[in-house]
Every structure is written in structure tokens, then in C-alpha cells.
Amino acid sequence: MDEVATKIVEILKKNMKSQPDKEIDMETELTDLDIESLDLAVIVFDIEDTFSIEIPYNANEESGDFNTVGSVVEKVRELIGNSSDAVA
Amino acid sequence: MTGQGVVSPVGTKVDKFWAALKNGDSGLGPITFYEVTDDLRCKIAGEVHDFDVQKDVGNIDVVRADRFSQLATKAAMEAVEQSGIKDLLAKDGSRTACIIGSGSGGLTTLETGYRDLYRDKIMRTNPLTLLRTLGSSAAAHVSMMYNITGPTFGVVSACATGSHAMGLVYQMIKYGQIDAGIAGGSEASLNWGAQRSWEALFVLSNTGCFPFSKKRNGTILSEGSGIMVLEEYEHAKARGANILAEIMGFGMTADAGDMVHPKVEGAAGAMQIALDDAGLKAEQIDYINAHGTATKTNDVTETNAIKSVFGDAAYDVSISSTKSMHGHMLGGGSLVEGAACIKAMHDNFIPPTINLNDPDPDCDLDYTPNEGREREVTYTMNNSLAFGGLNTVAIFGPAPK
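Caption draft 1: Representation of the overall build of chain A within the structure. Looking only at helices and strands, chain A has three helices and zero strands in total. Order of helices (α) and strands (β) in chain A, N terminus to C terminus: α-α-α. The C-alpha atoms of chain A give a radius of gyration of 13 Å, which matches the 12 Å a tight globule of 88 residues would have. The principal-axis extent of the C-alpha atoms belonging to chain A is close to 40 × 30 × 20 Å. Buried residues in chain A amount to 40% of all 88 residues. Here the contacts in chain A between residues at least 6 apart in sequence split such that 53% fall between residues at least 24 apart. Looking at chain A, you have 7 positive and 22 negative side-chain charges, and the mean spots of the two groups are 4 Å apart.

This is the structure we're talking about:
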């Protein structure tokens, strides 16, 4: 796992209600983690804060970006890329 | 009453709190929670230093909550643990209430959020800001922790909050609506903005908290929470609970006068209603835990109110303001002081009013100056006289035989 993935897993673990020792990889589905809607809002906030990005997340809409840990990591990489482009 | 819990600047957990009061220890000291700017006149507060939410509570929802909810949860944990009703609630919490209030709820969350947003232009707002701020969030967190599915909400009455919560639970039990209830108040509003707004009212001291003393010059803000578990008597008896005390009577009134200048009639009225509810005469009360804020208007008015209700017995009853040690916990204070009443009864010991070497001549009752003393204590009275003229008085007695 690269730095982005490691940090995201850390954030997920910090906000899980149980299973602190659960193995998490890129294939892990978010629905398999003990995370509720409010936790997800906090996780999005933590990720935005950590990577200085803005995630277009809406708790009321279905989004493929939040299916697996890998899809979150991909989305964050993409947004980091965009924000560096914008700076450049 | 089958359980009590305390978080206070002189100690977290009832036994530590009570040992400090008996000893006359002060929990007030220099502010460390925020940057003390030169323009602050009062640089003293009663901060709670022996509480660690990760270690002491652990529950992730509470760890992410405002501190006022964290302190309330800690106090509730102690009270519920002591009462022994946890397993009962886990099975069915529908005939249980959870009423926990706060004077100003998540004021520190608001202060931090607005500072980030308006001053520091941080445009990302923590998604828990709103939930942390709600004055009902302490009650909500405790209800979730213990599966309480009966009446659950917060109440607000500034410095009488915890006592109003207790009064409501007491009345719900009397009315037959519930078998048990968790009641109390919590406050954790020690922040720079709040300190400034209290200073602007000219009610804070810059030297210390000296109730009933000639040198009294205002109160000292502190934080904390006091929670009680109340239960219908037969319910407690049937499960063999250790009954700590009986709520003998409760009275509440409003001055309908002024936001900051209390009236003798309002406080006296609440005391009389509580005595009538308890079926007791004033001279039967052994100890009064006074509101005793160390402001001129409170101390003299409260003294005169006691005289008007107690008559000659006013000079025989032991009184103290334990705020001299733990400061003014605002909405969190009244049931912390209630815990002092219960312990006074169990130990037959009157906690002192410290810093009282030179009493105000207008305050001429027995405030138990500087050192606590032994005295047989059967009935105690707990006064809470809040801003806005919102008064509560509770009377506690021994467990029924």
C-alpha cells in the first residue's frame, strides 16, 4: 500500500465502531466495516482534511466511489491529481 | 436514589470528590484549557484534569461528542454502575427516563467552529459540529449507551438545570410513568469567549471564590457533571438495590423579577414547597448545601430567604457553599452539590465553606467556615438559584426502612 492508501486505512480504522484488528485491503467492501452513515461523514471530513481536497460526497446519493477501500483510494488519488494540476 | 456520579474539578467519582470536600481542598487554579490573553481579568477556573475520555469512556460516539456530553456520560456510568440496573435496562429500557440538561450545551464546539469559519476562514466544517452543539446530546448519548427507550431529553435552566432534571424524573416516577430514571446536568463551557461574556456581566472574581465572605468579589467558573439514578421505591426494593437516599421533596419557583438580581420570595417559596412536599418542618433540616455563588446579590438574598423560611432554626442549621472548593459548574453543578448532600448524610459530616475568615455582616448564619465538622445529618436541602430567577430546592432523606 502506498502512502495514500495507508492513510485512508488509518482513517477508516479510527472511525470504526468495532473490529480494530480487522485486515483491510483494497478489495474490502465498506459495508463489511462497522461504519454507519455518520461515521462516513466523519471519514470524508478526515480524508478531506488530511489530503486538502474536497470530495463531492452526498450521503443521499448512491456513488460507486464508496464501494470498496480501493475505490475510495482511487477517488482520492484522482482528486489529489486534479488539485496539483490546478496549482500547476 | 440508587446511584450517583460526579465529575468535578476536585475529583472525578463521588468518593474522590467527597474526600476533597471533607478535607477543604480547592479545585480552582490558573486556566490551562485555552490561551490566557492579557485582556482577561479573571485568569482562574475550575478545570477537570483527572478525566480522559478515551480511557474513561472509550465509546467512539462519546469520544467524538462535545466535552459536556463526555463529562455527563462519565458521571452517568458511575451512577448506573452503582445502581446495578445496567442489565435490566439492556433487556428493557422502556420504563426508564434519561433527562440530562446543560446550561449552554456544546458552547465550546460552537466557539471553535465559528473561530475556524469566520476568523481563520477554514471553510471545511466538522460534520459533527451541529450534533455536538445540541443541548440534548448528553441525554441522547447516555440513552444509547444504556438502551433507555423511555422519555429522553435535555432541560435548560442555567445553574438549576441538573436539579430541574432530577425534579422531572422524581415527578414522572410519582406519576407512575416510569420505574426509573437517569437525571442530571453537565457543563463544559470553559473557553475564552464564554469567559469574556461572563466578565462582561461583572460577576467573576479575579482572585477566588469566597462565598459569604466580606472579601467576596464574584464567582469562578468551572466544569463538571452530576448525575443520579432515581427509582420507584418498590421497584428498587424488589430487586434488592442498595438505596442511597430518598428524594423527600422538591420545589421549584420563578422570581419573575430580574435576570441577575434574585428575590428572597422566589428562593423562599421553593424551599417552602420542597418542605411541604417532604412533609417536614424547616427545623428538621440538618444541612443546606447553599447555592452560595460568592456574588453579593446571591449570598445575601439566599441568607435572607433561609431566615424567612427557617425562622429561629436558621441559626441552628448547618450551611455551606461547596462552590468555595469546586467553583460554579453552572448546569452541571446542582446534582454535584446534591451528591455532597447525600454524602453528608451517610458520613454525618458537614463539608465546609473554605476561604471564610471574615464573614459579610449581612451573612450571619452558620456557613461551616473553613473546616468541615461532624454532625448528625438526617435531612438535607439542596438549593439551586439560577440566573433568570429560576429556583429549585430538593430535600434528601435516608433510605426508607
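Next comes the rest of the account.
Caption draft 2: Layout of the overall build of chain B. What chain B contains, in helices and strands, is 15 helices and 15 strands. Principal-axis analysis of the C-alpha atoms places the extent of chain B at approximately 65 × 55 × 40 Å. Here chain B holds 401 residues, and the buried ones make up 59% of them. In chain B, the proportion of contacts linking residues at least 24 apart, taken out of those at least 6 apart, comes to 78%. For chain B, the accessible area works out to roughly 15200 Å², and carbon and sulfur atoms hold 52% of it. The positive charge centre, built from 33 side chains, and the negative charge centre, built from 47, are 4 Å apart in chain B.

Caption draft 3: Examining the state of the cysteines more closely. All chains considered together, the criterion is met by zero disulfides over all chains. You can see Cys209 of chain B has no disulfide; the closest cysteine sulfur is in Cys42 of chain B, sitting 10 Å from it.

Caption draft 4: Seen up close, the pairing of strand β15 (residues 390-397) of chain B. All names here are of chain B. Most of β15 is tucked away, with seven of its eight residues classed as buried. Relative to β15, strand β9 (residues 246-254) runs antiparallel, the two being bridged by eight bridges. Bridging across to β15, Gly251 finds its partner in Val393. The pairing of strand β14 (residues 379-386) with β15 spans seven bridges and is classified as antiparallel. Along β15, the bridge assignment pairs Leu385 with Asn391. What sits between the antiparallel neighbours β14 and β15 is a turn of three residues, in which Gly388 has the positive phi angle 90°.

Caption draft 5: How the structure looks around the domain arrangement of chain B. Residues and elements named next belong to chain B. Domain parsing of chain B yields domain 1 (3-238) and domain 2 (246-397). Counting residues at the interface gives 62 residues for domain 1 and 58 residues for domain 2. Roughly 4800 Å² of surface becomes buried between domain 1 and domain 2 when both sides are summed, with 69% attributable to carbon and sulfur atoms. Considering only the side of domain 1, the residues that lose the most area to domain 2 are Trp18, Cys159 and Phe212, jointly responsible for 19% of the buried surface there.

Caption draft 6: Structural context of the packing of aromatic side chains. Residue and element names in this part refer to chain B. Following the criterion strictly, the structure yields five aromatic pairs over all chains and no others. Aromatic side chains Tyr114 and Tyr118 sit 5.4 Å apart centroid to centroid with 15° between the ring planes, which places their arrangement in the stacked category. With Tyr114 and Tyr118 both in helix α6 (residues 107-119) and four residues apart, this pair spans about one turn of that helix. The exposure class assigned to Tyr114 is partly exposed, which follows from its relative accessible area of 43%.

Caption draft 7: How the structure looks around the confidence of the model for chain A. Here chain A shows a mean pLDDT of 86. Residues at 70 or above account for 93%. Here helix α3 (residues 69-87) of chain A stands out as the element of chain A with the lowest mean pLDDT, 80, in contrast to helix α1 (residues 3-14) of chain A, whose mean of 93 is the highest.

Caption draft 8: Quick look at the interface of chain A and chain B. Counting from both sides, the interface comprises 13 residues of chain A and, opposite them, nine residues of chain B. Note on chain A versus chain B: buried area summed over both sides is about 900 Å², and carbon and sulfur give 63% of it. The largest contributions to the chain A side of the interface with chain B come from Lys17, Leu38 and Phe45 of chain A, which together make up 51% of the buried area. Our enumeration of links across chain A and chain B arrives at four salt bridges. Arg124 of chain B is paired through a salt bridge with Asp49 of chain A; the nearest N and O atoms lie 3.4 Å apart. In this assembly, chain A and chain B are joined by six residue pairs in polar contact (both at pLDDT 80 or more). If one sorts the elements of the side of chain A that touches chain B by residue count, helix α2 (residues 37-51) of chain A sits on top with seven residues.

Caption draft 9: Region of the structure containing the sheet that holds strand β10 (residues 285-289) of chain B. Residue and element names in this part refer to chain B. Pairing within the open sheet is mixed, and its five strands lie in the order β9-β15-β14-β10-β11. Unpaired on one side and paired on the other, β9 and β11 (318-320) mark the two borders of the sheet. In this sheet, neighbouring strand axes are inclined to one another by 15° on average, regardless of whether the strands run parallel or antiparallel. Sheet strands in contact with helix α9 (residues 161-175) are β9, β14 and β15, and its direction is about 120° off that of β9. The sheet contacts of helix α15 (residues 333-347) involve β10, β14 and β15, and relative to β14 the element is tilted by about 165°.

Caption draft 10: Fine view of the nonpolar core. All names here are of chain B. Of all hydrophobic cores here, the largest spans 42 residues; its most connected members are Met1, Phe17, Met166, Val169, Met228, Leu230 and Phe396. Among the elements of the structure, α1 (14-23), β5 (96-101), α9, β8 (224-231), β9, α15, β12 (349-350) and β15 are those that each provide at least two residues to this core. With eight residues, the single largest contributor to this core is α15. Each of domain 1 (3-238) and domain 2 (246-397) accounts for three or more of the residues forming this core.

Caption draft 11: Representation of the sheet that holds β5 of chain B. Residue and element names in this part refer to chain B. Reading across the sheet, the six strands line up as β2-β1-β8-β7-β5-β6 and stay open at both edges, with mixed pairing between neighbours. A strand with exactly one partner marks an edge of an open sheet, and here the two such strands are β2 (11-12) and β6 (152-153). One ladder, built from two bridges, connects β5 with β6; its direction is parallel. Pairing of Cys98 across the sheet is with Thr152, part of β6. Running over the sheet, α9 touches β5, β6, β7 (180-187) and β8 and is turned about 170° from β7.

Analysis parameters
Residues numbered from 1 in each chain as written. Chains lettered and ligands numbered in written order. Predicted model: local features only at pLDDT ≥ 70, side-chain atom pairs only at ≥ 80, totals over all residues. Heavy atoms only, no water. Helix = DSSP H or I, 4+ residues; strand = E, 2+ residues; numbered from the N terminus. Rg over C-alpha atoms; globule rule 2.2 N^0.38 Å. Buried < 20%, exposed > 50% of the residue type's maximum accessible area, 1.4 Å probe, protein only. Contact = heavy atoms within 4.5 Å. Lys, Arg positive; Asp, Glu negative; His and termini not counted. Charge placed at Lys NZ, Arg CZ, Asp CG, Glu CD. Areas by Shrake-Rupley, 256 points an atom, 1.4 Å probe, with all protein chains shown as cover. Disulfide = S-S within 2.5 Å. Pairing = 2+ DSSP bridges. Domains from an automatic or database assignment. Buried area = accessible area lost by both parts, 1.4 Å probe. Phe/Tyr/Trp six-rings, centres within 6.5 Å; stacked < 30°, edge-to-face > 60°. pLDDT = per-residue confidence, 0-100. Salt bridge = Lys/Arg side-chain N within 4 Å of Asp/Glu carboxyl O. Polar contact = N/O pair within 3.5 Å; in protein donor to acceptor, adjacent residues only side chain to side chain. Axes fitted to C-alpha atoms, helices over the stretch in contact; angles between N-to-C directions. Core = buried A, V, L, I, M, F, W, Y, C linked by side-chain atoms within 4.5 Å.

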